[in-house]
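Letter by letter, the chains look like this.
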Amino acid sequence: MCDIFLQEDVGKLFFNKFIVIIGDSVQRSVYKDVVLLLQDNKYLSDKQLRKKGELGFCNDKLIEGGQLGQMTNSKSYREVRQYQTDFHMVRFYFATRCYGEYVETIFQDLKEDPKPDILIMNSCLWDITRYGSSSVPEYKKNLEKLFTRLKEVLNEDCLMIWNTTLPVANNARGGFLIPEIEFMNDTLRLDIMEANFYAKQVVIKYGYDVLDMHYYFRRQLHRRAQDGVHWDMTAHRRMTNLLMTHISEAWGVPLPRRIKPLETVILPRPKAVPRGRSISYHDMPVGNLNTKLRNAQYSVHSFHTPVTNHSTSNFPSICNSSDRYQGSSSTLRGNSYQTSTPVMPILPQVRRVNSEPFDRYAGDIAYQGSFCISPFVPENSQHSSSYQWQEYNQDSTQGKSRSRSDRHTPYYSQGSSGYRQRMGYSGRPKR
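Residues numbered from 1 in each chain as written. Predicted model: local features only at pLDDT ≥ 70, side-chain atom pairs only at ≥ 80, totals over all residues. Heavy atoms only, no water.

Caption draft 1: Structural detail: the nonpolar core. Among the nonpolar cores identified, the biggest contains 87 residues, and Phe14, Leu146, Phe147 and Trp162 are the most heavily contacted of them. Apart from the residues within four sequence positions on either side, Leu146 is in contact with Cys98, Tyr99, Val103, Phe107, Met121 and Trp162. (Core = buried A, V, L, I, M, F, W, Y, C linked by side-chain atoms within 4.5 Å. Buried < 20%, exposed > 50% of the residue type's maximum accessible area, 1.4 Å probe, protein only. Contact = heavy atoms within 4.5 Å.)

What follows is the structure in structure tokens.
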């Protein structure tokens, strides 16, 4: 759960600080929202979110690339921006790979004064899609190289935060997804979850922080843009609040406390039912007891993220850590799920909070009633804690479901005109 930060809060938190953000277009929007919030309590406009490489944005300056160079959609695109005042400095580097020759030039900049106080970074989508058939093994190697170099470049008091990659739609388009690799749409959202889990292991090994954005936005899909990759203004303000909350807690700075903490409401037990009489709805107290308790106990904000925390205290007893992280199968709601990914299983009989839409094809859990397609498999044993990342290979042994065009269509609505004729009605069903 994050707090709400306003201009004065961010200004105090980043007073006399140097913040560096490295990543793709989503991280560029994170940079823009931070810069805007340092100046005013406003949201980004849709035009500001879509624009790239502009000469100026909210009093910042384009230092390199963008309109000063070549405006392309290729791996060679560069963009360096900086917002600077007498008390704040925020810099952004656009990178299409977590480590390479260009990232090494960024490290040369970071070695010089002033040294960064905060480094926020993410790199995944371009890494695993735009660098050929060996993208996955190279991404794994580059992650190790990246954090090895960060240990040499950053000061010990620098706060390094790795943002996990946000969920994408199963029909994402534009940006990094050029026509030649559109076939990857079928499994990309699952590969992202595996990449997040693998990156988390590497980041923790080197002693840095992980902020699991994928977890926090897995049920905020209505805030995603139409291209299935980018996000709207309210989503980016939530990302900023999550970052500010994480930084405040890491530095021991008191939070603004603009959100009341979640309280568990315990209602009295229902009245005793006289013998020989069945219980009715009117015998229950006002507000269903079980519903209130479930909403309080299993709130979305009360869960520990499956990537950053292995605690299972907030999960039902049927869901243990092996069900979430190992290649074991568990039975939930009568459906068998083969889980070898750190996915969040659907909790039984838990009403969703705030009526947020749930898209099971976008990251929470793979196809219902079929196997979870995963490029990670246990290395030696079924319950091994180490994983071997393999490229996706669709064969007859993996779970099958309906075609993509029919997946979201109920069976009865396929050929609905014939169905209506057979049932003898054209509108409301006969009773």
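Caption draft 2: A look at the pairing of strand E5 (residues 118–121). Of the two faces of E5, both are covered, the one formed by Ile118 and Ile120 as well as the one formed by Leu119 and Met121. Here 4 bridges tie strand E1 (residues 17–23) to E5, and the two strands are oriented parallel to one another. From the neighbouring strand, Ile22 faces E5, where its bridge partner is Met121. In the sheet, E5 pairs with strand E6 (residues 159–163) via 4 bridges, with the strands oriented parallel. Paired with Met121 across the strands is Trp162, a residue of E6. For the crossover from E5 across helix H5 (residues 135–153) to E6, the handedness is right-handed. (Helix = DSSP H or I, 4+ residues; strand = E, 2+ residues; numbered from the N terminus. Pairing = 2+ DSSP bridges. Right-handed = clockwise from strand over helix to strand, strands pointing away.)

Caption draft 3: Structural detail: helix H4 (residues 101–111). Of all the positions in H4, only Tyr102, Val103, Glu104, Ile106, Phe107 and Leu110 are classed as buried. Buried residues belonging to H4 abut E1, strand E2 (61–65), strand E3 (79–84), strand E4 (88–94) and H5.

Caption draft 4: Representation of the sheet that holds E6 in the model. Across the sheet, 7 strands lie side by side as E2-E3-E4-E1-E5-E6-E7; this open sheet has mixed pairing. Since the sheet does not close on itself, it has two edges, and those belong to E2 and strand E7 (209–211), each with one partner. Neighbour-to-neighbour, the strand axes of this sheet turn through a mean angle of 20°, independent of strand direction. Inspection of the sheet shows E6 paired to E7 by 3 bridges, in the parallel sense. Among the inter-strand pairings, Asn163 is bridged to a residue of E7, identified as Leu211. Relative to E4, helix H2 (residues 25–37) is tilted by about 165°, and along the sheet it contacts E1, E3, E4, E5 and E6. Relative to the sheet, H5 contacts E5 and E6, its axis offset from that of E6 by approximately 165°. (Axes fitted to C-alpha atoms, helices over the stretch in contact; angles between N-to-C directions.)

Caption draft 5: Structural detail: the layout of surface pockets. Here the largest pocket defines a volume of roughly 550 Å³. What lines the largest pocket is a set of 26 residues, among which Ser25, Leu49, Arg50, Asp227 and His230 lie closest to the centre. Among the secondary structure elements, those contributing two or more residues to the lining of the largest pocket are H2 and helix H3 (46–50). Tallying contributions element by element places H2 first for the lining of the largest pocket, with 4 residues. (1 Å grid on protein atoms, 1.4 Å probe; cavity = no way out; pocket = protein on both sides within 12 Å on 5 of 7 lines; lining within 4 Å. Points joined across faces, edges and corners; volume = space filled by probe spheres on them.)

Caption draft 6: Structural view of the packing of aromatic side chains. All told, the structure shown has 10 aromatic pairs when counted by the stated rule. Plain terms: the ring middles of Phe147 and Tyr208 are 5.9 Å apart, the flat faces sit at 35° to each other, and that makes the pair tilted. Taken as a pair, Phe147 in helix H5 and Tyr208 in the loop between helix H6 (185–205) and E7 lie far apart in primary sequence, 61 residues in all. Accessibility assignment for this pair places Phe147 and Tyr208 in one class, buried. Among the aromatic side chains, those forming a connected cluster through ring pairs are Phe147, Trp162, Tyr206 and Tyr208. The ring of Tyr102 carries Arg78 above its face, with NZ or CZ at 4.0 Å from the centroid. (Phe/Tyr/Trp six-rings, centres within 6.5 Å; stacked < 30°, edge-to-face > 60°. Lys NZ or Arg CZ within 6 Å of the ring centre and 35° of its normal.)

Caption draft 7: Looking closely at the packing of H2 against helix H8 (residues 233–251). Interhelical geometry of H2 versus H8 gives an angle of 75° and a closest axis separation of 9 Å. Classified by the angle their axes make, H2 and H8 are roughly perpendicular. Together, Val26, Ser29, Val30, Asp33, Val34, Leu36 and Leu37 of H2 and His236, Arg237, Met239, Thr240 and Leu243 of H8 make up the contact between the two elements. The class makeup of the residues in the contact of H2 with H8 is 7 nonpolar, 3 polar and 2 charged. (Parallel < 35°, antiparallel > 145°, perpendicular 65-115°, else oblique. Nonpolar A, V, L, I, M, F, W, Y, C, P; charged D, E, K, R; others polar.)

Caption draft 8: A look at the pattern of salt bridges. A full pass over the atoms with the stated rule returns 14 salt bridges. When the shortest N-O distance is used, the salt bridge between Asp9 and Arg258 registers 2.4 Å. One end of the pair, Asp9, is in helix H1 (residues 7–13); the other, Arg258, is in the loop between H8 and helix H9 (289–297), with 249 residues separating them in the sequence. A salt bridge links Glu138 to Arg97; the shortest N-O distance between them is 2.2 Å. (Salt bridge = Lys/Arg side-chain N within 4 Å of Asp/Glu carboxyl O.)

Caption draft 9: Looking closely at the pairing of E3. For E3, a buried count of 5 out of 6 residues is recorded, marking the element as mostly surrounded by other parts of the structure. Summarising the sheet, E2 and E3 pair through 4 bridges and their orientation is antiparallel. Bridging across to E3, Gly65 finds its partner in Glu79. With 5 bridges joining them, E3 and E4 adopt antiparallel strand pairing. Residue pairing in the sheet places Arg81 in a bridge with Phe92 of E4.

Caption draft 10: Main features of the side chain of Ser25. Its location among the elements puts Ser25 in helix H2. Only 2.6 Å separates the side chain of Ser25 from the side chain of His230, close enough to count as a polar contact. Among all residues touching Ser25, those that are not within four sequence positions of it are Phe94 and His230. (Polar contact = N/O pair within 3.5 Å; in protein donor to acceptor, adjacent residues only side chain to side chain.)

Caption draft 11: Representation of H5 in the model. Taking 1.5 Å as the rise per residue, H5 with 19 residues should run 27 Å; its terminal C-alpha atoms sit 26 Å apart, in good agreement. When we look at burial in H5, the residues that qualify are Ser135, Val136, Tyr139, Lys140, Asn142, Leu143, Leu146, Phe147, Arg149, Leu150 and Val153. (Expected span 1.5 Å × (residues − 1).)

Caption draft 12: Structural context of a nonpolar patch on the surface. Residues Met1, Ile4 and Ile259 make up a contiguous nonpolar surface patch of about 230 Å² in total accessible area. If you trace the backbone, Ile259 turns up in the loop between H8 and H9. Note on Ile259: relative accessible area 31%, which makes it partly exposed. (Patch = residues over 30% accessible without salt bridge, like charges linked within 9 Å, V, L, I, M, F, W, Y side chains within 5 Å. Areas by Shrake-Rupley, 256 points an atom, 1.4 Å probe, with all protein chains shown as cover.)

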